[in-house]
Structures are given as structure tokens and as C-alpha cells.
Amino acid sequence: MEIYFINLKLFNFVNSSTINFSTFFAMENMHLKLKIWRQGGKFAPKGEFVTYELDNVSEHMSFLEMLDVLNEKLISQREEPVAFEHDCREGICGTCSMVINGHPHGPNAGTTTCQLHMRFFKDGDTVTIEPFRAKSFPVIKDLVVDREAFDRIIQAGGFISASTGQAQDANAIPVSKELASASFDAAACIGCGACVAACPNASAMLFVSAKVSHLALLPQGKVEAKRRALAMVKQMDQEGFGNCSNITACEAECPKGISVENIARLNREYISAAFAFEEKEDKGGGAG
Amino acid sequence: MSWLTNTLSPVGLSWFGGFLTSSIGKKVLMALTGLFLISFLPIHLLGNLYLMKDDGGRDFNLYAEFMTHNKIIKAVSYTLYLSIVLHAIQGLLLWRQNASARGQNYAVKVTRAVGTNARAATRMGWLGTILLIFILLHMYQFWLQMKLGNVPMSSYGGEVIKDLYTPVMVAFADPIFVVIYVVSMIAIAFHLWHGFQSAFQTLGLNHSKYTPFIKFLGKAYSVLIPAGFAVIPIYVYGDTMGWWKIGCGCDGVWDRAECMIECI
């Protein structure tokens, strides 16, 4: 009974006039022209584009797997493989980067490079792959850029100074659903730097605002909110990022959909901190 | 820009210098001066509408006389000049700084935006430069000539006052000036399309309850106000060319309805 059913389905499928059988399977084996930025090593120290032809690209590959295949081919030809960053390959670590056809993490919204699948490209496409471009993100090699500026911004204040001891019972600190959700939305930032890469001003405001918002919205983070906003913005400026002019390219390209509402919150936090907060130097001593 | 912090230090305001030289402080200055300039536009437009009144420039000249002699308006006008200077200088500095923050440009670059016009938003520097040139020309042509007294005098009810109406009419009869004026109004429309709502975002005013209204207001404002300004030279130029003359010799916007009724 079951065999009959499957056969009928197959029969219908093959005879269906709406599905072209040959193009359906042609997708499996794409040919791509890859225009990739190469810098350092045997390539120009200031960088250059090198074009590679790649056959047998499956639509099921992720973009990084496609680059793995290219690198295997390059290694087998005794050529230098393309340097690119990757780690978790499931869209949560923020390690993968690169600008694909003018879009950080590729043309799809809400997707990291590792989760971008080759089915979104067509046979014969030319794909231009560049590193994230910002003065504060210098290129180390090929598609790898130095994003330590973000680490230094986090070190300046993107944390909660916790004393020793156990985490307290979750129910002991009431947090409303709305605030918890807003904080969580900001906490979804994976710190990949796509906002900087997308911003025509190479501004890091979306990243900083996500970190400031994530902590300032919760009771544990509120205590140091003003000091944090001042310190993180100061570090951001020292790193040489551009200034935000509310173009919102960051939100449009963010793989985690972080909203520019967070930038407005950072502005509020910073303005109120600048006018109503003064850090007192800790002179030590005290009771006991 | 630590010179500002150092200058303000003796009066105990080094923190304020630090704020003004931070990336957010710079933008707050742009937002506040920008909003002040935005608030000035409808007042300027209301005065300009007198230019279309068919009274030989009487009401326009009386309005100009009032604007140049009222003490409160004088104080506000100095704030306005300061705002223009600060907005322009800060804007140019930000433009230069932001352009250099990229380092190397992309070979392929597509700018997407959410809730604003990416083309206008990424060209605020160019649009602002057009506006600065226009404002300088505008102030040289009318404001400076008025201040220097290089305008004819007219007498209304025994009172002799400066006649700004005549040089304005001469300028508006020149097609080159009309084109410059209209192009500048298009530039201001695009500048405001992004700038109006952007100022509120910079000041931290972004909330799902009122931001949609601010964005709507900004779009309406950026179309209607520049359109209002642009209509006047087009009307005056058309008037000198006799474009608006229709049957019965009816002329002028104000008396046309009346004239047409009589004609019928």
C-alpha cells in the first residue's frame, strides 16, 4: 500500500509541467567566479584582488564550506590558501566576517557568513569577497582583520563588577518581561563587527549601544550604567571609529537584527552620565 | 580637540569640553543647532509669502522692518547665526573624520538603511555644502545689502523704510537665480528628509510610541517647507513672464479668485 503511494507521488512529480527537471538538478553543480582580496604573504602587502574559478559548488554548502573547497583546491595546486576567520559555524560566535558582494556577511538579512548557503547564488555568478574595512580593523592577512578594538571597548566597561560568591536565586531580583526582552535583544549581539563594516562612517555605535543596553536594562548592570557608558564611549572614540550619523546601515546588515533603538538608549545614557555623574577616585581605607 | 577641554578647565567645565568633543557630544551639537534651524524655516517662509501679495511690496517691507528692529528677534537672530556657523563647521569636521574612518574603500559597496533614505543619509555632507554655499550667497545678496543700506527706500504712511522687496523682485526675475534657488530647496528637502528624524534619534528620543509620528512629521516637513519656499520665485518669475495671465486680465494669486468671479 505504501509502495504504491510513493510511486504515485514520483510519477506525478516527473510529469508535472510546473517543475523543469533539468534545471532542478543543474543547481547541484554551480560554477563560480570568486574575486577575493589577497593581502600579505606572497601577495602585495597593500593587497590586491585575485580571481579564482571554482567548479562543483553544491547549493547545500555554506559559504565557508565553499571557501574550504577552494582552499583544498589551492593547497593541492601548491598555492597559498585564502586566510579567513571561522569558529562555531552556527551563527553565534561572531568570528566569521568578510564582505560579500558589498554586504557584510552576505546579501541575506539576519545571517552570518557561516550560515549563508550557496543556494542563494546562481551558476556563473561572480562573487566579490573583501575583508571588513575600517581603519580600526586593520587587515592581518587576506580576509582576516584585527578586531581587538572591540575587546578593548569591552575591557573599558562592558561588564558587571561582581564580587565573589554564588549567583543569587533568580527570583530574588524582579525583572519585568519587557525589560528582560529588550535586554536579551541587545545581548544577541555577537560582536562580529558587521555594523562597523556596513557603516559608511565605520562607526561602532551599534556594537557599543548593544553592550551598554544589554547591561543597563537589568538591575545587576544598572549600578554601573553611567560609568560604563562614559568609559566605553571614551574607548570607542580613542580607537578611531567614525561618528554615528543615523544612516541605520548597521541595523540593516546586522546578522542578529540589533535595532538602532539601542543607539538612542546609549545616547540617553551617555548624555545623562556626562551631565550628572562624576567618578570619584577611590582613596582606599574605610571602616574595619 | 583637547584644546576645548583645556580652555574650559579654568572655569571648572573641563567635563563639558570632554562631552562636546566626544562622538556623541558632537552629534548632540549637530542635533540641537539643526533643530533650531529647522524651527526657523516656517517663520522665514511665512514672511516670504508676503512676496506673492499684490500690494507693491508694502506688507513684505513692513515685515522686514519689524524683523530687523524688534529686540527679541534680534537676539534670536544672533543665536541663528551662531547655529549656522556651529552646524556648518561641526558638520564639515564630522564629514572629514567619518570619511577617513573607513581607511580603504570597498570595491563593491551597497548601503541599505532602515526607516530613512540611505541616499540622503549618506550624502548629508554634500547636501550641507550646497546649502552652505546657498546661505552665503543668500546672505550676501539680501541680508548684507539690507545691513549696508544698499537698497532703495520706500515710504508707507509717512514712514520711510528700506525697500527689500525691489531687489528680491529683481533677483526672482532672473532665471539663473530661480534655478539656483529651486535646486537649493531640493537640497534642503533631502537634507531634512534624513536630518529631521535623525536629530531626535541623536538626542536619544526613539520610542515605538512616538518615533513613527516623528518620522511622518519629518517627511511632511521636508517636502512642504522647501516646496513653499520654491513656489515663490517660480511664481514671481512666471508673473514677470505673464504665465499666470488668464482671461479678463485677472492677475496675481490673491485677487485671482475675486477677479474670476467678476469675470464669470
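These numbers were taken from a predicted model, which means no experiment stands behind them. (Residues numbered from 1 in each chain as written. Chains lettered and ligands numbered in written order. Predicted model: local features only at pLDDT ≥ 70, side-chain atom pairs only at ≥ 80, totals over all residues. Heavy atoms only, no water.)

Some remarks on the sheet that holds strand β5 (residues 126-130) of chain A
Residues and elements named next belong to chain A.
(1) Moving on: If you trace the 5 strands from one edge of the open sheet to the other, you get β2-β1-β5-β3-β4, paired in mixed fashion. Only two strands of the sheet have a single partner each, and these edge strands are β2 (48-57) and β4 (103-104).
(2) Moving on: Taken together, the 8 bridges between strand β1 (residues 30-38) and β2 define a ladder with antiparallel strand orientation. Opposite Trp 37, over in β2, you have Phe 49 as the bridge partner.
(3) Moving on: In the packing of helix α3 (residues 63-76) onto the sheet, the strands contacted are β1, β2, β3 (99-100) and β5, and the crossing angle to β2 comes to about 100°. (Pairing = 2+ DSSP bridges. Helix = DSSP H or I, 4+ residues; strand = E, 2+ residues; numbered from the N terminus. Contact = heavy atoms within 4.5 Å. Axes fitted to C-alpha atoms, helices over the stretch in contact; angles between N-to-C directions.)

Regarding the interface of chain A and chain B
(1) Moving on: Listed per partner, the contact involves 51 residues of chain A and 38 residues of chain B.
(2) Moving on: In total, about 3600 Å² of surface goes out of reach between chain A and chain B, with carbon and sulfur atoms giving 53% of it.
(3) Moving on: The largest per-residue losses of area from chain A upon contact with chain B belong to Arg 133, Asn 243 and Asn 246 of chain A, which jointly make up 18% of the total buried on that side.
(4) Moving on: For the interface between chain A and chain B, the tally reads 1 salt bridge.
(5) Moving on: Among the ionic pairs, Glu 253 of chain A bridges to Arg 112 of chain B, the shortest N-O distance being 3.0 Å.
(6) Moving on: The tally of links between chain A and chain B comes to 26 residue pairs in polar contact (both at pLDDT 80 or more).
(7) Moving on: Among the secondary structure elements, those contributing two or more residues to the side of chain A that touches chain B are β5, α6 (194-198), α9 (225-238), α10 (249-253) and α11 (261-276) of chain A.
(8) Moving on: Examining the composition of the side of chain A that touches chain B, we find that 10 residues originate from one element, α11 of chain A, more than from any other.
(9) Moving on: Looking at the side of chain A that touches chain B, its residues break down into 29 nonpolar, 13 polar and 9 charged. (Buried area = accessible area lost by both parts, 1.4 Å probe. Salt bridge = Lys/Arg side-chain N within 4 Å of Asp/Glu carboxyl O. Polar contact = N/O pair within 3.5 Å; in protein donor to acceptor, adjacent residues only side chain to side chain. Nonpolar A, V, L, I, M, F, W, Y, C, P; charged D, E, K, R; others polar.)

Re the confidence of the model for chain A
Predicted coordinates in regions of low pLDDT should not be interpreted in detail.
(1) Moving on: Here chain A averages 89 in pLDDT, while 89% of its residues score no lower than 70.
(2) Moving on: Predicted confidence in chain A is weakest over helix α1 (residues 2-15) of chain A, with a mean pLDDT of 42, and strongest over α6 of chain A, with 98. (pLDDT = per-residue confidence, 0-100.)

Points about helix α5 (residues 71-101) of chain B
Residues and elements named next belong to chain B.
(1) Moving on: Helix length check: α5, at 31 residues, gives a terminal C-alpha distance of 45 Å against a target of 45 Å (1.5 Å per residue), a fit within 8%.
(2) Moving on: Buried within α5 we find Ser 77, Leu 80, Ser 83, Ile 84, His 87, Ala 88, Gln 90, Leu 94, Asn 98 and Ala 101.
(3) Moving on: Of the surrounding secondary structure, the elements contacted by the buried residues of α5 are α3 (23-48), α7 (124-148) and α9 (175-202).
(4) Moving on: Where α5 begins, the side chain of Asn 70 points an oxygen toward the backbone nitrogen of Ile 72, at a separation of 3.0 Å.
(5) Moving on: At the exit of α5 stands Gly 103, carrying a positive phi of roughly 80°. (Expected span 1.5 Å × (residues − 1). Buried < 20%, exposed > 50% of the residue type's maximum accessible area, 1.4 Å probe, protein only.)

Digging into the side chain of Arg 265 of chain A
Residues and elements named next belong to chain A.
(1) Moving on: With respect to the helices and strands, the residue Arg 265 is situated in helix α11.
(2) Moving on: Here Arg 265 occupies a buried position and makes no salt bridge, while the nearest side chain of opposite charge, Glu 261, is found at 5.3 Å.
(3) Moving on: Those residues in contact with Arg 265 that sit more than four places away from it in its chain are Ser 213 and Leu 217. (Lys, Arg positive; Asp, Glu negative; His and termini not counted.)

Some points on the side chain of Gln 201 of chain B
(1) Moving on: Relative to the helices and strands, Gln 201 of chain B is located in helix α9.
(2) Moving on: For Gln 201 of chain B, a relative accessible area of 6% corresponds to the buried category.
(3) Moving on: Look past the residues within four positions of Gln 201 of chain B in its chain and what remains in contact with it is Asn 246, Val 260, Ile 263, Ala 264 and Asn 267 of chain A together with Asn 206 of chain B.

Focus: the domain arrangement of chain A
It is common to report an interface's size as the accessible area lost on association of the parts.
All names here are of chain A.
(1) Moving on: Under the domain assignment used here, chain A contains domain 1 (9-141) and domain 2 (148-277).
(2) Moving on: Averaged C-alpha coordinates put domain 1 and domain 2 at centres separated by 31 Å.
(3) Moving on: Facing 18 residues of domain 1, the contacting portion of domain 2 comprises 18 residues.
(4) Moving on: In total, domain 1 and domain 2 occlude about 1200 Å² of area from one another, counting both sides; carbon and sulfur atoms represent 60% of this.
(5) Moving on: Its residues assigned to classes, the side of domain 1 that touches domain 2 shows 8 nonpolar, 9 polar and 1 charged. (Domains from an automatic or database assignment.)

Focus: the nonpolar core
(1) Moving on: Of all hydrophobic cores here, the largest spans 42 residues; its most connected members are Phe 150, Val 196 and Phe 241 of chain A.
(2) Moving on: Secondary structure elements with two or more residues in this core: α4 (148-157), α6, α7 (205-216), α9 and α11 of chain A together with α3 of chain B.
(3) Moving on: Here this core gets 6 residues from one element, more than from any other, and that element is α7 of chain A.
(4) Moving on: Looking at which domains feed residues into this core, each of domain 1 (9-141) and domain 2 (148-277) of chain A supplies at least three. (Core = buried A, V, L, I, M, F, W, Y, C linked by side-chain atoms within 4.5 Å.)

Considering the pattern of salt bridges
Residue and element names in this part refer to chain A.
(1) Moving on: Scanning the model with the defined rule gives 12 salt bridges over all chains in all.
(2) Moving on: Arg 89 is paired through a salt bridge with Asp 68; the nearest N and O atoms lie 2.8 Å apart. With Arg 89 in the loop between α3 and β3 and Asp 68 in helix α3, the pair connects residues that are 21 residues apart, well separated along the chain.
(3) Moving on: A relative accessible area of 28% means that Arg 89 is categorised as partly exposed.

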